[in-house]
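Summary of the model geometry
The residues making up each chain are set out below.
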Amino acid sequence: MCKERAQEIVIISTRRKVSNGDTMKYITILGSTGSIGTQTLDVVRSNKDIKVIALGAGSNIERLEQQIREFKPEVVSVWEEEKAKQLANNIKDLNTKVLCGMEGLMEISTIEKVEIVVTAIVGMIGIRPTISAILAGKHIALANKETLVTAGHIIMPLAKEKNVKILPVDSEHSAIFQCLNGENEKEIDKILLTASGGPFRGFTREQMKNVQVEHALKHPNWSMGRKITIDSSTMVNKGLEVIEAKWLFDVDFDNIEVVVQPQSVIHSMVQFIDGAIMAQLGTPDMKLPIQYALYYPERRVLGGDRLDFSTLGQLTFEKPDMENFRGLKLAYEAGRKGGNVPTIFNAANEKAVQLFLDRQIAYLDIPDIIEASMSTIAFRNNPSVEEILLTEQETYQFIKERWN
Ligand code: NDP
Ligand code: MG
């Protein structure tokens, strides 16, 4: 099924080329049914000059069908073949084509007329579609940090070669990107990456022992997908973001400092060589970084709450607790070692979070699994995509043998 459909798409995309003077922005969203995906569609809905050409999802075909009926994409892709067939049957009355699997994801990432691919898929499954999109010359609005963490050494040079922009959607990286607007990246002294500290800020390891899934899924400031919410609680998310920042802004790990800012008002800061610090502030709303990435360098009107300094009260700052939140410390270690170690870090975390959400391991097993994986799986320097995926499998196998 996947193959036949894939051929049809090539025909669609060559038939309708972008005409000169066409001001519509054509986009593909990978992970449209998730938290970032649905907020991207909110941004599309409130702007009249973005056309969704393709959507990709994992298994939530009910939500995807609603999106198809509203946004009328030409093509969609669903990960599971059975679900794709079911969806194709449910939307027989429409002209939208349905693809599936990795082939489908890669196909919708490379449609000729698409200008920007929003990578809002979760996990390192995003690597291959992202690379395909760059090879096809698409700008990337990047939310899917796991891809950059594991394959940044491939993606960043490739994007440069293909003259493709990697536009950060992650709020901290968007903040840094905004602070760097009009600045010279060579004049950065350090990046001050802010962190809320998550729901367990101030907890000791003893207090974290009994953390259950429901506790960890309650983030104080942001409403996000399940995996990133757990990652925020362990501070692994901040660790992934440190590595993401290294690749996006070409800054050494010694020059990336995490600052806990519990109110999530300062989304991140840049300190320059003359000591000046630029910060981006606002209410926590992912639609801002999403819209900024889609329209960069233009700013568009965006509804929603504004920061009110008269009621804000105070902004507070703390040092991150790397002893009790080992995920962050291990991320720095993985980033500094380089090679396939960030992949081991990320893959171990992806698997551990899944096991925790399935209630098969305890909360504190998450950093233990990451640490054990990092000290067991063989080092590979400058890994290719195949070696990254092999490292992922080796890590999963190790965890399966030791923890399942
Ligand atoms: P969600 O879990 O809410 O959504 C994940 C999306 O990925 C869903 O659409 C899901 O589809 C899709 N997906 C999962 N597996 C596959 C697959 N194999 N093939 C195709 N699609 C798949 O995650 P978030 O939106 O929270 O996060 C997405 C990415 O953005 C993550 O990398 C996260 O770290 C990053 N990010 C998120 C932020 C947020 O505020 N949420 C902030 C900053 C970064 P389905 O639901 O149909 O299974
Ligand atoms: Mg973030």
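In the block above lies the structure referred to throughout.
Residues numbered from 1 in each chain as written. Chains lettered and ligands numbered in written order. Predicted model: local features only at pLDDT ≥ 70, side-chain atom pairs only at ≥ 80, totals over all residues. Heavy atoms only, no water.

Overview of the overall build of the protein
Inclusion rule: Runs of H or I in DSSP of at least four residues are treated as helices and runs of E of at least two as strands, each being numbered from the N terminus. Here the globule rule reads 2.2 Å times residues to the power 0.38, and the radius of gyration is calculated from C-alpha atoms. Reported accessibility uses the Shrake-Rupley method at a 1.4 Å probe radius. Residues are deemed covered only where the shown protein chains occlude them. Residues counted as positive are Lys and Arg, residues counted as negative are Asp and Glu, and His and the chain ends are not counted. Where a charge lies is defined by one atom per residue type, namely NZ (Lys), CZ (Arg), CG (Asp) and CD (Glu).
The secondary structure content of the protein amounts to 18 helices and 11 strands. Against the globule reference of 22 Å for 404 residues, the protein gives a C-alpha radius of gyration of 21 Å, in line with a compact fold. When the backbone C-alpha atoms are referred to their principal axes, the protein occupies close to 60 × 55 × 40 Å. Accessible area for the protein stands at about 17,800 Å²; split by element, carbon and sulfur atoms hold 48% of it. For the protein, the distance from the average position of its 47 positive side-chain charges to the average position of its 53 negative side-chain charges is 4 Å.

Concerning the nonpolar core
In plain terms, the rule: As used here, the term nonpolar core means buried Ala, Val, Leu, Ile, Met, Phe, Trp, Tyr and Cys residues forming a set that is joined through side-chain atoms within 4.5 Å. The classification of residues rests on relative accessible area computed with a 1.4 Å probe and restricted to protein chains. Under 20% of the type maximum is buried, over 50% is exposed, and intermediate values are partly exposed. Residue ranges assigned to the domains are those given by an automatic or database domain assignment. By the convention used here, residues are in contact when the closest approach between their heavy atoms is within 4.5 Å.
Membership of the largest hydrophobic core comes to 123 residues, with the highest contact counts inside it found for Ile27, Leu87, Ile166, Phe249, Leu294, Phe345 and Tyr363. In terms of residue count, helix H16 (residues 341–357) provides more of this core than any other element does, 10 residues in total. The residue makeup of this core includes at least three contributed by each of domain 1 (15–168) and domain 2 (174–337). Residues in contact with Ile166, not counting those within four places in the same chain, are Ile134, Ile140, Leu142, Ile155, Met156, Ala159 and Leu248.

Description of the coordination of the magnesium ion (ligand 2)
How we decide: A donor here means any N, O or S atom no more than 2.8 Å from the metal (3.2 Å for Na, K and Ca); water is not included, so a site may seem to lack partners.
Taken together, the protein donors to the magnesium ion (ligand 2) comprise Asp170 (OD), Glu172 (OE) and Glu241 (OE), at separations of 2.1 to 2.2 Å. One chain supplies every donor to the magnesium ion (ligand 2), and in sequence these donors are spaced D-x1-E-x68-E. Here Asp170 is found in the loop between strand S7 (166–168) and helix H8 (171–179), whereas its partner Glu241 is found in helix H12 (residues 236–249), with 71 residues between them in sequence. Each of the two residues, Asp170 as well as Glu241, counts as buried.

Quick notes on the layout of surface pockets
Stated formally: Using a grid of 1 Å spacing that covers the protein atoms alone, one calls a set of points a cavity when a 1.4 Å probe fits there but cannot get out, and a pocket when the set is open and has protein on both sides within 12 Å along at least five of seven lines; lining residues are those with an atom within 4 Å of a point. Grid points are joined across faces, edges and corners, and a volume is the space filled by probe spheres set on the points. Residues were grouped as follows: Ala, Val, Leu, Ile, Met, Phe, Trp, Tyr, Cys and Pro as nonpolar; Asp, Glu, Lys and Arg as charged; and all remaining residues, including Gly, as polar.
Estimated volume of the second largest pocket: approximately 730 Å³. The wall of the second largest pocket is formed by 22 residues, among which Met156, Phe177, Glu185, Leu248 and Phe249 lie closest to the centre. Breaking the lining of the second largest pocket down by element, the ones donating at least two residues are helix H7 (145–161), S7 and H12. For the lining of the second largest pocket, the per-class residue count stands at 14 nonpolar, two polar and six charged. Residues lining the lining of the second largest pocket come from more than one domain, with at least three contributed by each of domain 1 (15–168) and domain 2 (174–337).

Digging into the sheet that holds strand S9 (residues 256–260)
Cut-off, in case you're wondering: By the convention used here, strands pair only if DSSP detects at least 2 bridges between them. Only C-alpha atoms enter the line fits that serve as axes; for helices the fit covers just the stretch in contact. Angles between N-to-C directions range over 0 to 180 degrees.
As summarised here, the arrangement of the four strands in space is S9-S8-S10-S11, forming an open sheet in which the pairing is mixed. Pairing within the sheet leaves two strands with one partner each, and these edge strands are S9 and strand S11 (277–281). Taking each pair of neighbouring strands and ignoring which way they run, the sheet shows an average axis angle of 20°. Here strand S8 (residues 188–195) runs beside strand S10 (residues 266–272); their pairing, made up of four bridges, is antiparallel. Bridge pairing links Ile191 to Val270 in S10. The strands touched by H8 are S8, S10 and S11; relative to S10, the strand with the most contacts, the crossing angle is about 40°.

Quick notes on H12
What counts is decided by this rule: Take the number of residues in a helix, subtract one, and multiply by 1.5 Å to get its expected span.
Taking 1.5 Å per residue as the helical rise, H12 with its 14 residues ought to reach 20 Å, and the 20 Å between its terminal C-alpha atoms agrees with that figure. Among the 14 residues in H12, 13 count as buried, and that is most of the element. The positive-phi residue at the C-terminal boundary of H12 is Asp250, with phi of around 55°.

Considering the site of ligand 1
This is how it is decided: Throughout this document, a residue counts as near a molecule or strand when at least one of its heavy atoms sits within 4 Å of that molecule or strand. Polar contact is defined as a pair of N or O atoms within 3.5 Å, subject to the rule that within protein one atom must be able to donate a hydrogen and the other to accept it, and that residues adjacent in sequence are counted only when both atoms are side-chain atoms.
Taken together, 25 residues form the shell around ligand 1, and within it Thr33, Ser35, Asn60, Glu146 and Gly225 come nearest. Gly34 places a polar main-chain atom, nitrogen or oxygen, 3.0 Å from an oxygen atom of ligand 1. Between an oxygen atom of ligand 1 and a side-chain N or O atom of Glu146, the distance comes to 2.7 Å. Burial of ligand 1 by the protein amounts to 87% of the accessible area it has alone, namely 900 Å². The class makeup of the residues in the shell around ligand 1 is 12 nonpolar, 10 polar and three charged.

Examining the pairing of S10
Summarising burial for S10: seven of the seven residues are buried, a large majority. Strand direction decides the pairing type here: S10 and S11, joined by five bridges, are antiparallel. Within S11, the residue paired with Val270 across the bridge is Met278. A loop of four residues connects S10 with S11, the two strands running antiparallel in sequence, and Gly275 in this loop sits at a positive phi of about 95°.

Topic: the packing of aromatic side chains
Worth spelling out the cut-off: Any Phe, Tyr or Trp ring, taking Trp's six-membered ring, that has another such ring centre within 6.5 Å forms a pair; planes under 30 degrees apart are called stacked, those over 60 apart edge-to-face, and the others tilted. A ring has a charge above it when a Lys NZ or an Arg CZ is no more than 6 Å from the ring centre and no more than 35 degrees off the ring normal.
Under the criterion given, the structure shown has seven aromatic pairs. Pairing Tyr292 with Tyr296 gives two aromatic rings, centres 5.9 Å apart and planes at 65°, and the pair type is edge-to-face. Where Phe398 meets Trp403, the ring centres are 6.2 Å apart and the plane angle is 80°; that geometry is what we call edge-to-face. Take Trp403: its relative accessible area is 23%, and that puts it in the partly exposed class. Ring-pair connections join several aromatic residues into one group, and the members of that group are Phe200, Phe203, Phe356 and Tyr363. Residue placement shows Lys351 over the ring face of Tyr396; its charged tip is 4.6 Å from the ring centre.

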